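# Summary of structural features
Chain by chain, the residues:
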Amino acid sequence: SMEVIIKNLGAPGSIVHDDFRLFLSSAPCDFFPVSVLQNSVKVTNEPPKGIRANLRRAFASVQPEHFESHPMGVSWRKLVFGLCFFHGIVQERTKYAALGWNIRYEFSNSDRECALETLKLFLSEGKIPWAALSFITGEITYGGRVTDSWDQRCLRTVLRRFFNMESLNSGYKYSPSGHYFAPEQSTWKDYVAYIESLPFTDDPEIFGMHDNANLAFLRVETGALRTTVLEVQPRLAAAGGQKTPDEIVFETAEGVLGRLPKGLLDIEQAHAGLFTPDSKGRVPSLSTVLKQECDRFNNLLRVLWRSLDDVKRAIKG
């Protein structure tokens, strides 16, 4: 990964060409030479999306020899894996908008690295001080970023799933389905192999949520995609006789209008038997629903006609 390569550049004994230069920037600047930028290879480091990608990046920064040779053995490896898993969950909960956190928090890799250093310090004597470990990790390292009281409570609850005595037992699962757990293997490569076997799509259960929570996530993703498309669209220009974006939108609006009904639905044209009362003077319930749906469909038609007509007028100016 990019982090490992950069760290190796400054490692003792590393061989770097005298003409090699590395520029890292997190914000645009106006003093960077444009000619150098145009002739350079541009690399962006995007944040990982999903538990699998998050764990992969986390274990890329873990030193295999330290991971495998710790005196506490499998307990140390399970706690490191659980901490990395916890970091991935608190980051990925942001994709569920208000269902994940009341306030959006920017948890970073430095939080995970600090928590791992704290874990290493506490376990140096061969004992696991659960209370102190949970307090430092949940209230300071990660909890220091959290300002909402309900978010703090949620953070502590999620952390408790990974920092408890049962998590060191064989067969302990992080989710009810049993898909997520800390492997029993003893090597760094085995853990990486398990991470690669995880599903690409995260199940909402690992976040403690119902399957319907994906609706909120998909709405956020759709909104981001729509915003990106709208931001890019005005920059596109027609070339070689191609249609402009305005012409494409205008033709699409006309096509939709052409496929819509020319008039509103008239309930009076329905079959007479649908609204014939029974012996007690009651109209069938399905007929009542049919009338309500006709009213709703007519309202939808009015909105479509008005919106598409406004689009056409806006394009014409």
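Every residue gets a number counted from 1 within its own chain, in the order that chain's sequence is written. Owing to the predicted nature of the model, reporting of local features is limited to residues with pLDDT of at least 70; listing and counting of side-chain atom pairs is limited to 80 or more, with chain, interface and lining totals taken over all residues. Processing note: side-chain calculations cover all non-hydrogen atoms of the structure and skip hydrogens and water entirely.

### Section: the packing of helix α3 (residues 51–60) against helix α5 (residues 74–92)
The axes are straight lines fitted to the C-alpha atoms, using for helices just the contacting stretch, and the angles between their N-to-C directions are given from 0 to 180°. The helix and strand labels rest on DSSP assignments: H or I over at least four residues marks a helix, E over at least two residues marks a strand, and numbering proceeds from the N terminus. α5 packs onto α3 with a crossing angle of 135° between their chain directions and a minimal axis gap of 9 Å. Accordingly, the angle class assigned to the pair α3 and α5 is oblique. In terms of crossing hand, the pair formed by α3 and α5 is right-handed. On α5, the residues that touch I51, N54, L55, A58 and F59 of α3 are F81, C84, F85, H87, G88, I89, Q91 and E92. For this classification, the nonpolar set comprises Ala, Val, Leu, Ile, Met, Phe, Trp, Tyr, Cys and Pro, the charged set comprises Asp, Glu, Lys and Arg, and every other residue, Gly included, is treated as polar. Of the residues contributing to the contact of α3 with α5, the split by class is 8 nonpolar, 4 polar and 1 charged. Comment on the angle field: the value is read as roughly parallel under 35 degrees, roughly antiparallel over 145, roughly perpendicular from 65 to 115, and oblique elsewhere. Two helices that cross are described as forming a left-handed crossing if the nearer one is turned anticlockwise from the farther one by less than a right angle, and a right-handed crossing if clockwise. Contacts between residues were defined by any pair of non-hydrogen atoms, one from each residue, lying within 4.5 Å.

### A short note on helix α9 (residues 188–196)
When α9 is considered as a whole, its buried residues turn out to be Y191, Y194 and I195. Buried residues along α9 cover an arc of 100° about the axis, so they all sit on one side. Working definition: with a 1.4 Å probe on protein chains only, accessible area under 20% of the residue-type maximum means buried, over 50% means exposed, and in between means partly exposed. Arc definition: it is the arc formed by the directions from the helix axis to the C-beta atoms.

### Description of unusual backbone geometry
The residue A97 is not glycine, and still its phi comes out positive at about 55°. Turning to its location among the elements, A97 is positioned in the loop between α5 and α6 (109–122).

### So, the nonpolar core
In terms of nonpolar packing, the biggest core is built from 48 residues, with F81, F85 and F86 touching the most fellow members. Elements represented by at least two residues in this core include exactly α3, α5, α6, α7 (130–141), α8 (149–160), α9 and α10 (213–232). By residue number, the principal contributor to this core is α5, which donates 10 residues. In this structure F86 touches T137, Y142, L155, V158, L159 and F162, once residues within four positions along its chain are discounted. The term nonpolar core refers to a set of buried residues drawn from Ala, Val, Leu, Ile, Met, Phe, Trp, Tyr and Cys, joined through side-chain atoms within 4.5 Å.

### So, the pattern of salt bridges
The term salt bridge refers to a side-chain nitrogen of Lys or Arg lying within 4 Å of a carboxyl oxygen of Asp or Glu. Tallied over the entire structure, the rule returns 13 salt bridges. Measuring nitrogen to oxygen at the nearest pair gives 2.7 Å for the salt bridge that ties D111 to R145. Of the two residues, D111 is situated in helix α6 and R145 in the loop between α7 and α8; the sequence distance between them amounts to 34 residues. What makes D111 buried here is its relative accessible area of 7%. When salt bridges with common partners are traced through the structure, they connect R52, R56 and E196 into a single cluster.

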